[in-house]
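# Commentary on secondary and tertiary structure
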Amino acid sequence: MNIASVIVDVPAKQTDRAFDYKIPGHLAGVIQPGMRVIVPFGPRKIQGFVTGLKTESEFSQLKSIAEPMDLNPVLNQELLSLGDWLTEKTLCYKISAYQAMLPAALKAKYEKKLVLAEKADRVALPEKVQTLFENTEAITWDEAVKDGTLSLLQKEATNGNIDIIYQVKERVKKKKVKQVFPAADRNGLAEYIEKLPANATKQKEVLEYFLQDDSPIEQKELFSFLRITSSTIKGLIQKGLLGQKEVEIYRNPFGDREFKRTEPLPLTEEQRKAIIPILNSIEEKRHGTFLLYGVTGSGKTEVYLQSIQRVLQDGKEAIVLVPEISLTPQMVNRFKGRFGDQVAVMHSGLSAGEKYDEWRKIQRKEVKVVVGARSAIFAPFENLGIVIIDEEHETSYKQEENPRYHARDVAIERAGKYKCPVVLGSATPSLESFARAHKGVYQLLSLPKRMNNQSLPSVEIIDMREELREGNRSMFSRVLLDKIKDRLEKKEQIVLFLNKRGHSSFVMCRDCGYVINCPHCDISLTYHRFNQQMKCHYCGYEASVPNTCPECESEHIRYFGTGTQKVEEELAKVLPEAKVIRMDVDTTSRKGSHEKLLDQFQEGHADILLGTQMIAKGLDFPNITLVGVLSADTMLHLPDFRSSEKTFQLLTQVSGRAGRHELEGEVIIQTYTPEHYSVELSGEQDYDKFYEREMMVRKIHRYPPFYYISLVTVSHEELMKSVSVTEKITQYIQSRLSAESIVLGPVASPIPRINNRYRYQCLIKYKREPELGRALKKVLDNYQHEIAAGGLAISVDLNPYILM
DNA sequence: CGAGGCACGTGT
DNA sequence: CACGTGCCTCGC
């Protein structure tokens, strides 16, 4: 086994296969599959993943592995083969698959440097080069480019006087602290204290401290505790009384926050019925996928917790996926509260270093449970006992860049190997999952009632057209405003929901109707009050609002569409006495601000919580008795076959925020399309009826779950090029598929231009096409050249969630 | 992806 | 015929 197969860190078609390397003698036995290594590749050195070991290679002139990057493999055998599976299912490169499974901190960084060659004769070099290397061993390539000496240096490089070296660097270092400990025993210390000169008070204090407690202590801590500096320690170290060592520590994103320990709650009869099949599956070591369908507040989390408990009893591990966890601190609390420090948390709010540390806790088997967002599905457990996906219908489980995987699919694949259950939980399951549950592919478990038999909040739908007709032009209907006032008086809390951040969604001239668009993208600019600028949410273009219409020079420029910022201003005008907390991407971007705002609200420092999507999930405050949805239609008219589903889910979820405890809850939904079934049925909170209606629509239009869909998006700077390439792709795909499949295209993408690139699409609807993957791969291969050159971009998404 | 090779073109 | 520019191919 002196040869290693290595997947190199070059995302390209030609390198998407294993390269063989010799394992040098001194690394024999060290190199194992799943390790990262540094290998020479062409003229440079790059990172690679060892995928296997062997004794022979077809290739005769093997190079040697330069050095290992890990002491232990970062990918176990199961994850390595999961990488193969991912590659096949999403048509991505192997290297992309591996990288997606690891924290970003493990992705290599490269640096190119210039150093004087050993044989170089310093004095014979051009003066300029001599001065460059006067005070330094090496200069980076970037530096050389910047001060324009590159061509000169390159010449010397060809002469052999300068070497170009390639370095692979780690992104994040393990965090270490210096610790101090006594090097002598108690008697030795005591003896020495006697001998110290009388004025050495500080040294004496230190030794006396260690006499009390001889365990190692962090140097910094000792400094502040005894009010000393490093010089005191230094003296004692020199005398051989103290020792110093570096210890690896974990960054702790949760600081010293304490989690109140909780005990398993007694289950209701319904919960018991739901959990039994899951427990059976765990005990019988049988893989199965369960759909836990339960209204908000029906106690799904307790079912998760007790299932995990059962898994831990067997010494196995659990993965819990939650949508963007930083958004649901309450959820983290529940898991940490039940399982304490056996829990690792992985979410986007953590820094790269913190994520890496959490990941290492899993790798070193220091935790048994991981709670995290999408990518936590790749947690390097080796004895997985259960996977739980909460809010199963959330679209954030689908990655929208390569590899375009869905965490649900990965979960089922992994659980299949470990013969353990997957539990999908939701109050409003995705149609796909619910349909599968009906077909018996998943096992349906229902929790139809709220705990403590609380009634669901009453929902009232307000037709905003009616309001307008009767002269109310404000964004609050009279009913909503009255109820807000009522709650303010009663000192109860209110949640207002609007699915749009910023101030206004577009800027329009009232005289000629001209809407100001982004010059690079075919999309309107959004007005941001903060700096009086209009911004493109796709390419980042910014411009100030013009004084006159660029089209007709009229001065009647107005802002249309309402965002959270504008609502906040309006609230201040109408209800100046109300204290409002606004929560959206803009107010929660700073680390920890999300939690801080929620805490403030919970502690009653505000009457109204106003926010976007992010307040729809997980909030569970007893004092909320009124939820207002300011505009239910914002999502409804998006060009997406799932827009009804998303609207229904969102409205139902938001409604669930009201009246979860003793106080009764009320929900007001304002809309311009009260007759739409997704609005109407969310008012009745009738998922089953919605499911039936929506399934009919999907069937007629041949969308999932009746058909699978795949989407090819082509983009190029030239419109005609995009169209013609898409045309060819469409024809080719059509020719490879059966007559039952539908290939639509070329059609312009719903956003036909982003960043000056024209975007065209080909949409494929099919029931069974085993050849489709191969055909799409062929397409990518065929255009590989033009893609690599950067002119053309083709994205292939098998089962897309966003059709834009 | 990034480098070196090489087929051209330009200027001497 | 030397050298620069852009495309192509190769990498174990």
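All residue numbers refer to position in the chain's written sequence, counted from 1. Each chain gets a letter, beginning with A, and each ligand a number, beginning with 1, in the order they are written. This being a predicted model, a pLDDT of at least 70 is required before a residue's local features are given, and a value of 80 or more before pairs of side-chain atoms are given or counted; all residues contribute to the totals for chains, interfaces and linings. Based on all heavy atoms of the structure, the side-chain values leave hydrogens and waters out of the count.

Naming follows an unreviewed UniProt entry, where chain A appears as Replication restart protein PriA of Cytobacillus oceanisediminis. Per UniProt, the comment on chain A under Subunit (unreviewed entry) is "Component of the replication restart primosome." UniProt positions are given in the numbering used here, feature names are shortened, and annotations may be inferred rather than shown by experiment. Under the UniProt heading Function (unreviewed entry), the note attached to chain A is "Initiates the restart of stalled replication forks, which reloads the replicative helicase on sites other than the origin of replication. Recognizes and binds to abandoned replication forks and remodels them to uncover a helicase loading site. Promotes assembly of the primosome at these replication forks."

Bringing the overall build of chain A into the picture now. Looking only at helices and strands, one finds 25 helices and 34 strands in chain A. Summarising its shape, the C-alpha atoms of chain A cover approximately 90 × 70 × 65 Å along the three principal directions. Accessible surface computed for chain A: about 38200 Å², of which carbon and sulfur atoms make up 49%. Once the 110 positive and 107 negative side-chain charges of chain A are each reduced to a mean point, those two points are 3 Å apart. The helix count covers DSSP runs of H or I at least four residues long, the strand count covers runs of E at least two residues long, and both are numbered beginning at the N terminus. All accessibility values rest on the Shrake-Rupley procedure with a 1.4 Å probe; residue burial counts only the protein chains present in the view. Only four residue types enter the tally: Lys and Arg on the positive side, Asp and Glu on the negative side, with His and both chain ends excluded. Taken as the charge centre is NZ of Lys, CZ of Arg, CG of Asp or CD of Glu, depending on the residue.

Another point: the pattern of salt bridges. The term salt bridge refers to a pairing of a side-chain nitrogen on Lys or Arg with a carboxyl oxygen on Asp or Glu at a separation within 4 Å. With the rule as written, the count across this model stands at 41 salt bridges. Of the charged contacts, one joins Glu284 and Arg286 as a salt bridge, the two residues approaching to 2.9 Å between their closest N and O atoms. A residue is classified by how much of its surface remains accessible, and Glu284, at 48% relative accessible area, is partly exposed. Throughout, exposure labels follow a simple rule: accessible area from a 1.4 Å probe, protein chains only, divided by the maximum for the residue type, with under 20% read as buried, over 50% as exposed, and the rest as partly exposed. Here Arg286 falls in the partly exposed class, since its relative accessible area comes to 37%.

Here we come to the protein's contact with DNA strand B. The full set of residues close to DNA strand B is Val10, Ala12, Gln14, Pro43, Arg44, Lys112 and Tyr166. Put simply, a residue is near a molecule or strand once any heavy atom of it comes within 4 Å of that molecule or strand. Sugar and phosphate atoms form 58% of the subset of DNA strand B atoms that lie within 4 Å of the protein. One of the side-chain N or O atoms of Arg44 is found 2.5 Å from a base oxygen in DNA strand B. Two N or O atoms count as a polar contact when they lie within 3.5 Å, although within protein this holds only if one can serve as hydrogen donor and the other as acceptor, and sequence-adjacent residues are included solely when both atoms are side-chain atoms. Measuring from a phosphate oxygen of DNA strand B, one finds a side-chain N or O atom of Lys112 at 2.5 Å. For this scheme, ten residues count as nonpolar: Ala, Val, Leu, Ile, Met, Phe, Trp, Tyr, Cys and Pro. Four count as charged, namely Asp, Glu, Lys and Arg, and the remainder, Gly too, count as polar. Class assignment for the residues of the surface near DNA strand B results in four nonpolar, one polar and two charged.

A separate point is the sheet that holds strand S33 (residues 757-766). Strand pairing follows a simple DSSP-based rule, namely that at least 2 bridges must link the two strands. A sheet is described by the order of its strands in space; here four strands give the open sequence S32-S33-S31-S34, paired in antiparallel fashion. On the outer flanks of this sheet lie strand S32 (742-754) and strand S34 (793-798), each paired with one strand and no other. For this sheet the average axis-to-axis angle between neighbouring strands, irrespective of direction, equals 20°. Of the strand pairs in this sheet, strand S31 (residues 708-716) and S33 are connected by nine bridges, and their pairing is antiparallel. Paired with Val712 across the strands is Cys762, a residue of S33. Strands in contact with helix H24 (residues 719-736) are S31, S32, S33 and S34; relative to S33, the strand with the most contacts, it is inclined by about 15°. For helices, the fitted axis covers only the stretch in contact; all axes are lines through C-alpha atoms, and the angles between them, taken along N-to-C directions, range from 0 to 180 degrees. We call two residues in contact when some of their heavy atoms are within 4.5 Å.

In the contact formed by helix H11 (residues 300-313) and helix H12 (residues 329-339), the axes pass within 11 Å of each other and the chain directions differ by 35°. Crossing angle aside, the handedness with which H11 passes H12 is right-handed. Two secondary-structure elements touch here, H11 through Thr301, Glu302, Tyr304, Leu305, Gln306, Ile308, Gln309 and Leu312 and H12 through Met331, Arg334, Phe335, Arg338 and Phe339. Each residue belonging to the contact of H11 with H12 can be placed in one class, and the counts come to seven nonpolar, three polar and three charged. Whether a crossing is left-handed or right-handed is set by the direction in which the near helix is turned from the far one by less than a right angle, anticlockwise for left-handed and clockwise for right-handed.

Each α-helix winds once per 3.6 residues, and so residues spaced three or four apart point in a common direction. Among all positions of helix H20 (residues 593-602), only Ser593, His594, Leu597, Leu598 and Phe601 are buried. Buried residues of H20, seen end-on, are gathered within an arc of 135° and therefore sit on one face of the element. In this fold, the buried residues of H20 make contact with H12, strand S21 (493-497), strand S27 (580-583), helix H19 (585-588), strand S28 (608-611) and strand S29 (624-629). Where H20 ends, the next residue or the one after it, Gly604, has phi of about 85°, a positive value. Each direction from the helix axis to a C-beta atom contributes to the arc, which is the arc of those directions.

Quick look at the domain arrangement of chain A now. When the parts of a complex come together, some accessible area is lost, and that lost area is often taken as the interface size. Domain parsing of chain A yields domain 1 (3-106), domain 2 (116-163), domain 3 (176-248), domain 4 (269-451), domain 5 (458-503 + 561-697) and domain 6 (708-797). Each of domain 3 and domain 4 has a C-alpha centre, and the two are 48 Å apart. Each domain's extent was defined by an automatic or database domain assignment.

Around DNA strand C lies a shell of 14 residues, among which Asp20, Phe41, Gly42, Arg44 and Lys63 are the nearest. What you see for DNA strand C is that sugar and phosphate hold 42% of its atoms within 4 Å of the protein. At a separation of 3.4 Å, a base nitrogen of DNA strand C approaches a polar side-chain atom of Arg17. Here a sugar or linking oxygen of DNA strand C and a backbone polar atom of Asp20 are 2.8 Å apart. Listing elements by their share of the surface near DNA strand C, those giving two or more residues are strand S2 (19-22) and strand S3 (36-41). Residue contributions to the surface near DNA strand C peak at three residues, all from S2. Taken together, the residues that form the surface near DNA strand C break down as six nonpolar, four polar and four charged.

Turning our attention to the packing of aromatic side chains. Between rings of Phe, Tyr and Trp, where Trp is taken as its six-membered ring, a pair exists when centres lie within 6.5 Å; planes separated by under 30 degrees are stacked, by over 60 edge-to-face, and by other angles tilted. Using the criterion set out here, one finds 18 aromatic pairs in the structure. Measuring from ring centre to ring centre gives 5.2 Å for Tyr209 and Phe210, while their planes differ by 80°; the resulting arrangement is edge-to-face. The pair Tyr209 / Phe210 is uniform in exposure class, with both members buried. When the centroid spacing of 6.3 Å and the interplanar angle of 25° are considered together, the rings of Tyr687 and Tyr691 count as stacked. Of the two residues, Tyr687 and Tyr691 are both situated in helix H23 (residues 687-700); the distance of four residues between them amounts to about one turn of the helix. Of the residues examined, Tyr691 reaches a relative accessible area of 7% and is grouped as buried. Taken together, Tyr293, Phe434, Phe648, Tyr677, Tyr687, Phe690 and Tyr691 form an aromatic cluster joined through their ring pairs. Positioned over the ring face of Trp141 is Lys112, at 3.3 Å from the centre of the ring. Consider the ring centre and the ring normal. A charge sits over the ring if Lys NZ or Arg CZ is within 6 Å of that centre and within 35 degrees of that normal. Taking the ring centre of Tyr801 as reference, the NZ or CZ of Arg642 above it sits at 4.0 Å.

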